[in-house]
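Examination of the molecular architecture
Take a look at the letters that make up each chain.
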Amino acid sequence: MSSIPLAGRALCLLGLSLCLAAPRAQSRTETAFDLLRLDPSARLASLAGTGAVDGGDPSALFVNPARLAPDADRGLGLGYTNLALDVNAGAAAYSRATPWLGGLQVGGGVRFLSYGDFERRSAPDADPEGTFGASEAALTLAASRELLPRVRVGLAAHALFASIDDAGSQALAADLGVSYVHAERGLALGASLHHVGVVVSSLGRTGDRLPLDLRVTASKELRYVPLTVSVAAVDLHRFEGRAADSSFVGRALDHLALGGELQLGSSFAVRAGYNGRRGGDLRSGGRLDLAGVSVGAGVRLRRISVDYAFSNWGDFGGLHQFGVRTKL
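The paragraphs below set out a description of the structure included in this document. (Residues numbered from 1 in each chain as written. Predicted model: local features only at pLDDT ≥ 70, side-chain atom pairs only at ≥ 80, totals over all residues. Heavy atoms only, no water.)

**Side note on the side chain of Ser-294**
To keep it simple, the criterion reads: Starting at the N terminus, helices and strands are each numbered in turn, a helix being any DSSP run of H or I of at least four residues and a strand any DSSP run of E of at least two. With a 1.4 Å probe rolled over the protein chains alone, any residue whose accessible area is under 20% of its type maximum counts as buried; one over 50% counts as exposed, and the rest are partly exposed. We define a polar contact as two N or O atoms separated by no more than 3.5 Å, with the added condition that, inside protein, one atom must be a possible hydrogen donor and the other a possible acceptor, whereas residues neighbouring each other in sequence contribute only through side-chain atom pairs. We call two residues in contact when some of their heavy atoms are within 4.5 Å.
In this structure, Ser-294 sits in strand 12 (residues 293-301). You can call Ser-294 buried: its relative accessible area is 3%. Reaching out from Ser-294, the side chain makes a polar contact with the backbone nitrogen of Ala-48 at a distance of 3.3 Å. Ignoring sequence-local partners within four residues, the contact set of Ser-294 consists of Ala-45, Ser-46, Leu-47, Ala-48, Arg-271, Ala-272, Gly-273, Phe-310 and Ser-311.

**What about unusual backbone geometry?**
Phi at Arg-74 is positive, roughly 65 degrees, even though this residue is not glycine. Residue placement: Arg-74 occurs in the loop between helix 4 (60-63) and strand 1 (75-84). What makes Arg-74 partly exposed here is its relative accessible area of 35%. Residues other than glycine seldom take positive phi values, yet His-195 does so here, at roughly 65 degrees. Within the element layout of this structure, His-195 appears in strand 7 (residues 187-201).

**Structural notes on the packing of aromatic side chains**
This is how it is decided: Between 30 and 60 degrees the pair is tilted, below 30 it is stacked and above 60 it is edge-to-face, where a pair is any two Phe, Tyr or Trp rings, Trp via its six-membered ring, whose centres lie within 6.5 Å.
The full count for this structure, using the stated rule, is one aromatic pair. Plain terms: the ring middles of Tyr-308 and Phe-322 are 5.3 Å apart, the flat faces sit at 45 degrees to each other, and that makes the pair tilted. With Tyr-308 in strand 13 (residues 304-312) and Phe-322 in strand 14 (residues 318-327), the pair connects residues that are 14 residues apart, well separated along the chain.

**Comments concerning the nonpolar core**
Put simply, the test is: Residues enter a nonpolar core if they are buried and are Ala, Val, Leu, Ile, Met, Phe, Trp, Tyr or Cys, with the set joined through side-chain atoms within 4.5 Å.
In terms of nonpolar packing, the biggest core is built from 22 residues, with Phe-33, Leu-38, Leu-83, Leu-113, Leu-160, Ile-164 and Leu-210 touching the most fellow members. Only strand 2 (87-98), strand 3 (104-119), strand 4 (131-148), strand 5 (151-164) and strand 6 (167-182) provide two or more residues apiece to this core. Leu-61, Phe-62, Ala-91 and Ala-142 belong to the second-largest nonpolar core, a separate cluster that totals seven residues.

Below, the structure written as structure tokens:
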């Protein structure tokens, strides 16, 4: 059907994924499922991916399924990201309490990443022979349950799809999580293992891999200031730095992300964060290089919350991400 050989398509997809080079570098794992590396919501993106989602955000099922709490009952979250040119991504999540299932909080979500359409040519100087597309998608089902007072456990299952022209890759994966939330103290702790599974089929001769990620998160609302500070340690299963001679401190900083959310009244919040691994991988050495820095804001209008985030990717440019949350 296509004049592009399978290996060529795989290389083409890799080229189309250059705008995702920062997340790819974060875990040093080549994969056909770059979608899994994108922040699933604008609020999370503005906090540099620290995982400091509140209990009422249904997008928690993508971050740590144990954070899927009763506060998110009937919650709907929608998100959109413009990565570059006509490369776009989006996500939707919904959560529902099910007391008839033993008190489970369940949720479902879908994510997509479209690379747009490209001209097919048999040679660089040949006439176009139609177009082909490349895209990724993920379908997710998740559930959480209270195990002990303030302690929840959760499980999320993903069906993953990636395609370029008529070649495709599929995988099945799961996330496991545990969380501790002390609402009175404004403290939330979490640990999760992501993307454990199997690749059913690959795009090329070399088998695709899933981007395994072990992470630990913590957030604390300060007592006298309406500021919530969050920190995340990611990719802990591969504790390494960018250079072979990195010190322990350098490796530790390479795996950390920091975020803060300042609540200005009951309906407006400003956010900022810094991702150490992303900043190090994208820093160009300029005098004022803000690679890895993200900022954003959120507005709550009655039953609807609107979020915006801008993530600086250095020479790769910046990502604008939008999100809407509501109760149905």
